[in-house]
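# Structure assessment
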Amino acid sequence: MTSLEETPEESPDDQPAAATPPRSAGRRKGTPSRPWLVVSDSGQACFEEVGKHSIMRRTGIPAQDLRLLDPLLSYPSTILGRERAIVLNLEHIKAIITATEVLILNSKDPMVAPFVHDLQSRLSNPSGAPHQVAESRNKLLPFEFRVLEICLKSTYRRLEAETLILEQEAYPALDELTSKISTLNLEHVRHIKSRLVAISWRVQTVRDELEHLLDDDNDMAGMYLTKKLAYQDNGESSSRVEVDDDAFRPEEDKYEEFRNQIENIHRNLPTFKPQVQELETLLEAYFVQIDGTLNKLSRDYVDITEDCIKIMQDEKQNQLLEMVIILSFVTMAATAGIVVVGIFGQNIHIELFDLPTYAQFWETTFGTIGGCVILYILAFGLAKKSGLLR
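Residues numbered from 1 in each chain as written. Predicted model: local features only at pLDDT ≥ 70, side-chain atom pairs only at ≥ 80, totals over all residues. Heavy atoms only, no water.

### Overview of the overall build of the protein chain
The number of helices and strands found in the protein chain is 12 helices and six strands. Within the protein chain, buried positions represent 33% of all 390 residues. By element, 57% of the accessible surface of the protein chain is carried by carbon and sulfur atoms, the whole surface being about 25000 Å². (Helix = DSSP H or I, 4+ residues; strand = E, 2+ residues; numbered from the N terminus. Buried < 20%, exposed > 50% of the residue type's maximum accessible area, 1.4 Å probe, protein only. Areas by Shrake-Rupley, 256 points an atom, 1.4 Å probe, with all protein chains shown as cover.)

### Description of the pairing of strand 6 (residues 101–104)
Burial along strand 6 is two-sided: the face carrying Glu 101 and Leu 103 and the face carrying Val 102 and Ile 104 are both buried. Looking at chain direction, strand 1 (residues 34–40) and strand 6 are connected through four bridges and run antiparallel. Its bridge partner being in strand 6, Ser 40 is matched across the sheet by Glu 101. Pairing of strand 5 (residues 93–97) with strand 6 involves three bridges; the strand directions are antiparallel. Each bridged residue has a counterpart across the sheet, and for Ala 95 the counterpart in strand 6 is Ile 104. (Pairing = 2+ DSSP bridges.)

### Structural notes on the sheet that holds strand 5
Taken together, the six strands give an open sheet; going across it, the order is 2-1-6-5-4-3, and neighbouring strands pair in antiparallel fashion. Of all the strands in the sheet, the pair left with one neighbour each is strand 2 (45–50) and strand 3 (78–81). Each neighbouring strand pair of the sheet contributes to a mean axis angle of 20 degrees, computed without reference to strand direction. Its contacts with the sheet place helix 5 (residues 143–179) against strand 1, strand 3, strand 4 (86–90), strand 5 and strand 6, and it is angled at close to 175 degrees to strand 5. (Axes fitted to C-alpha atoms, helices over the stretch in contact; angles between N-to-C directions. Contact = heavy atoms within 4.5 Å.)

### Considerations on the packing of aromatic side chains
Each pair of aromatic rings is reported with the distance of its centres and the angle of its planes. Enumeration over the complete set of coordinates arrives at two aromatic pairs. The cationic tip of Lys 108 hangs over the ring face of Phe 47; the distance from NZ or CZ to the ring centre is 5.6 Å. (Phe/Tyr/Trp six-rings, centres within 6.5 Å; stacked < 30°, edge-to-face > 60°. Lys NZ or Arg CZ within 6 Å of the ring centre and 35° of its normal.)

### Considering the confidence of the model for the protein chain
Mean pLDDT over the protein chain stands at 78; residues scoring 70 or higher make up 75%. Here residues 133–137 scores under 50 on pLDDT; set against residues more than four positions off or in separate chains, the count is 11 contacts. Throughout residues 241–251 the model reports pLDDT below 50, and contacts reaching past four residues in sequence, or to other chains, amount to seven contacts. (pLDDT = per-residue confidence, 0-100.)

### With respect to the environment of Ser 33
Along the polypeptide, Ser 33 turns up in the segment before strand 1. Considered as a pair, Ser 33 and Gly 51 are 18 residues apart in the sequence and their alpha carbons are 3.9 Å apart. With residues near it in sequence (within four places) discarded, Ser 33 still touches Glu 49, Val 50 and Gly 51.

### A word on the pattern of salt bridges
Opposite charge on two side chains permits pairing when their charged atoms draw close. The final tally for this structure, using the stated rule, is 14 salt bridges. Its salt-bridge partner being Arg 82, residue Asp 65 comes within 2.5 Å of it at the nearest N-O pair. Of this pair, Asp 65 sits in helix 2 (residues 63–67) while Arg 82 sits in the loop between strand 3 and strand 4, placing them 17 residues apart in sequence. Given the relative accessible area of 3%, Asp 65 is considered buried. Of the charged contacts, one joins Arg 207 and Asp 208 as a salt bridge, the two residues approaching to 3.6 Å between their closest N and O atoms. Sharing partners across several salt bridges, the network here consists of Glu 91, Arg 158, Glu 162 and Arg 202. (Salt bridge = Lys/Arg side-chain N within 4 Å of Asp/Glu carboxyl O.)

### Observations concerning the packing of helix 5 against helix 6 (residues 183–215)
Interhelical geometry of helix 5 versus helix 6 gives an angle of 155 degrees and a closest axis separation of 10 Å. In terms of orientation, helix 5 lies roughly antiparallel with respect to helix 6. Note that helix 5 runs across helix 6; the crossing there is left-handed. Of the residues contributing to the contact of helix 5 with helix 6, the split by class is 16 nonpolar, four polar and six charged. (Parallel < 35°, antiparallel > 145°, perpendicular 65-115°, else oblique. Left-handed = near helix turned anticlockwise from the far one by under 90°. Nonpolar A, V, L, I, M, F, W, Y, C, P; charged D, E, K, R; others polar.)

### Details of the side chain of Glu 144
With respect to the helices, strands and loops of the structure, Glu 144 is situated in helix 5. Within the buried core, Glu 144 has no salt-bridge partner, and the shortest N-O distance to an opposite charge, that of Arg 146, equals 7.5 Å. Side-chain polar atoms of Glu 144 contact the backbone nitrogen of Leu 225, separated by 3.0 Å. Glu 144 has contacts with Ile 86, Ile 97, Thr 98, Ala 99, Met 223, Tyr 224, Leu 225 and Thr 226, leaving out every residue within four places of it along the chain. (Lys, Arg positive; Asp, Glu negative; His and termini not counted. Polar contact = N/O pair within 3.5 Å; in protein donor to acceptor, adjacent residues only side chain to side chain.)

### A word on helix 10 (residues 277–297)
Compared with the 30 Å implied by 1.5 Å per residue over 21 residues, the 30 Å span of helix 10 between its first and last C-alpha is a close match. Among the residues of helix 10, those classed as buried are Glu 278, Leu 279, Leu 282, Leu 283, Tyr 286, Phe 287, Ile 290, Thr 293, Leu 294 and Leu 297. One side of helix 10 carries all its buried residues, which in axial view fall inside an arc of 150 degrees. (Expected span 1.5 Å × (residues − 1). Arc of directions from axis to C-beta.)

### Comments concerning the packing of helix 3 (residues 113–124) against helix 5
At a closest axis distance of 10 Å, the pairing of helix 3 and helix 5 adopts a crossing angle of 145 degrees. With respect to the hand of their crossing, helix 3 and helix 5 are arranged in right-handed fashion. When helix 3 is examined against helix 5, the residues Phe 115, Asp 118, Leu 119, Arg 122 and Leu 123 are found in contact with a partner set consisting of Phe 143, Arg 146, Val 147, Ile 150, Cys 151, Lys 153, Ser 154 and Arg 157. Looking at the contact of helix 3 with helix 5, its residues break down into seven nonpolar, one polar and five charged.

Right, here's the structure in full:
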């Protein structure tokens, strides 16, 4: 007979616990990524979902510079040269330019679409679209300056177009206001003036930014990204060659020599001072154009028209005051006649009422009227003589 072995019952404590989903240790909410349009030096473009920290590592710019490109925030036009990138915030263009590519944040904006198309066409065919400095010196600009020129040109075109539209609206409105002063025409001119002030401030901001760069050679030198990159690559390659030639040295000597060479490279990088004539010529060309647009807006046609309107209103007011003075004289003369009539209208019997004819009545009536007219003429002449009336 086969004996059955009893297996001991497992207690609830001995049963394996149900598998719980592992917690993601240290999970934190990452910064949201944004679509950036990346355009290479050959004109090829692609969209990349990149976060804030990835952009900072990729371009080497600090967070405060990246905040300037936030489309939800309003910052004045700015051009910043950093160690490995140029931060550009010009009107509708918000971009980061490196030595090999340009990253555009708001590329889906309809106002930015013409700029992106122009950028891709010029980068893909640089010889077919010569730049200003390249024409004068017969050589191609570095990549970062070609992109910078396209950005400046797009900004100038937009500001110039808005200025022309404003002029086309302003002149007819000012002429209509000059010919007919009304509340509707005044409100229209005030609306145009508010737009004039806004666009003048935007143009002034771009002009001041270009002037600031032109006044500081160090800032312009820091924008030579291609030359800085080539200078750094040459320094690192030479240091590697020297270290490889000294491979027979002891390990401590080789490490010390390598560290000194790296320190020399980093010590020399900030003192890199390229010639800034190319960039200076480029900035001066667009500085002159932006300054011309600002001069158009600074003619103050609206202010001159408003002054003319005030003069016309003062003239009307003076005419009304003259009319009030004349009416006051008429009232004074009529009051003198009323006084005479009131005297004769009293219920008092006098000998004049007993005369059999009306000759004395008419003499008194016409005498009173003549006296009033003479009083008015005297008052009017005195007012002319004293300058109250013209």
